[in-house]
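Residue strings, one per chain:
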Amino acid sequence: MAVLPVRVFGDPVLTTPAEEVTTFDAQLRRLVRDLTDTLRSERGAGLAAPQLGIGLRAFVFHVDGVEGHLVNPVLSFPDEREQDGPEGCLSMPGLYFDTKRRQHVVAKGYTDHGDPVQVVGAGELARCLQHEADHLDGVLFIDRMDAQRRRAAMRAIREAPWFGDPAPRVRVSPHPLFGRNR
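We now turn to the structure provided with this report. Within each chain, residue numbers correspond to sequence positions counted from 1 in written order. Local features in a predicted model are, by the rule used here, given only for residues with pLDDT of at least 70; side-chain atom pairs are given and counted only at 80 or more, and totals for whole chains, interfaces and linings are based on all residues. Water and hydrogen atoms were dropped before computing side-chain values, which therefore reflect all heavy atoms in the structure.

Looking now at the nonpolar core. If you look at the biggest cluster of nonpolar residues, it comprises 17 residues, and the most contacted ones within it are Leu31, Leu35, Leu47, Leu52, Ile54 and Val60. The set of elements that each furnish at least two residues to this core consists of helix H1 (26–42) and strand E2 (58–63). Think of it this way: any DSSP run of H or I at least four residues long counts as a helix, any run of E at least two long counts as a strand, and we number them from the N terminus. Counting residues per element, this core draws most heavily on H1, at 5 residues. We define the nonpolar core as a collection of buried residues of types Ala, Val, Leu, Ile, Met, Phe, Trp, Tyr and Cys that are connected through side-chain atoms lying within 4.5 Å of one another. Each residue's exposure class comes from its accessible area (1.4 Å probe, protein chains only) as a fraction of the maximum for that residue type: buried when under 20%, exposed when over 50%, partly exposed otherwise. In terms of nonpolar packing, the next biggest core, distinct from the first, is built from 15 residues, Leu14, Leu140, Ile157 and Trp162 among them.

Below, the structure written as structure tokens:
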């Protein structure tokens, strides 16, 4: 169990689709614990493995008292209702932008032991599940914005103190990337 550094906007791992988890073993359980420890330390709502530099389809969440994790999640939407409101990302620290998301979501996946699990979410939980699932596909929440909002977001990102740091502090993860470069 460890608190690991979160990769920030500009790191290519954040825009690279993650690989499906095929082995449910102690190493995967350690990854989920590390994700959970890091999420708690950062006081976030969700955290996906790619944000730690791990190209695997797994994320953790803690929203409105509901916490858990999903491995190889697949999302479905029971209706067409949408929400539009502020969203942030631990990979873009301190920045929040209005983003449209679906109001309700059903997320099906697996636990770190390989048992099937389903999470039904509305409101903020639905937003979080969609945000983290997007990370697994290499999609950032700014990619979901209309052009005007995206331009404003990119302006704020370029002005952020963490953007463009020539020597970001990144610790090597203890989790293998299965052939991917760190």
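This next bit is on the packing of aromatic side chains. Ring pairs are drawn from Phe, Tyr and Trp, using the six-membered ring of Trp, whenever the two centres fall within 6.5 Å, and their geometry is named by plane angle: stacked under 30 degrees, edge-to-face over 60, tilted for the rest. Within this structure, the stated rule accounts for 5 aromatic pairs. Arranged with centres 6.4 Å apart and planes meeting at 75°, the rings of Trp162 and Phe163 form a pair that is edge-to-face. Aromatic ring contacts, followed pair by pair, group Phe9, Trp162 and Phe163 into a single cluster.

Its place among the elements puts Asp137 in the loop between helix H2 (123–136) and helix H3 (147–159). Measuring from C-alpha to C-alpha, the distance between Asp137 and Pro50 comes to 9.5 Å, with 87 residues separating the pair along the chain.

We define a salt bridge as a contact between a side-chain nitrogen of Lys or Arg and a carboxyl oxygen of Asp or Glu at a distance within 4 Å. In this structure the tally under the stated criterion is 9 salt bridges. For Glu80, the salt bridge is made with Arg102, and the minimal N-O distance between the two is 3.6 Å. Of the two residues, Glu80 sits in the loop between strand E3 (66–76) and strand E4 (82–88) while Arg102 sits in strand E5 (residues 96–102), which places them 22 residues apart along the sequence. A salt bridge links Asp134 to Arg101, with the shortest nitrogen-to-oxygen separation between them at 2.8 Å. Taken as a pair, Asp134 in helix H2 and Arg101 in strand E5 lie far apart in primary sequence, 33 residues in all.

These results come straight from atomic positions and should not be treated as a statement about function.
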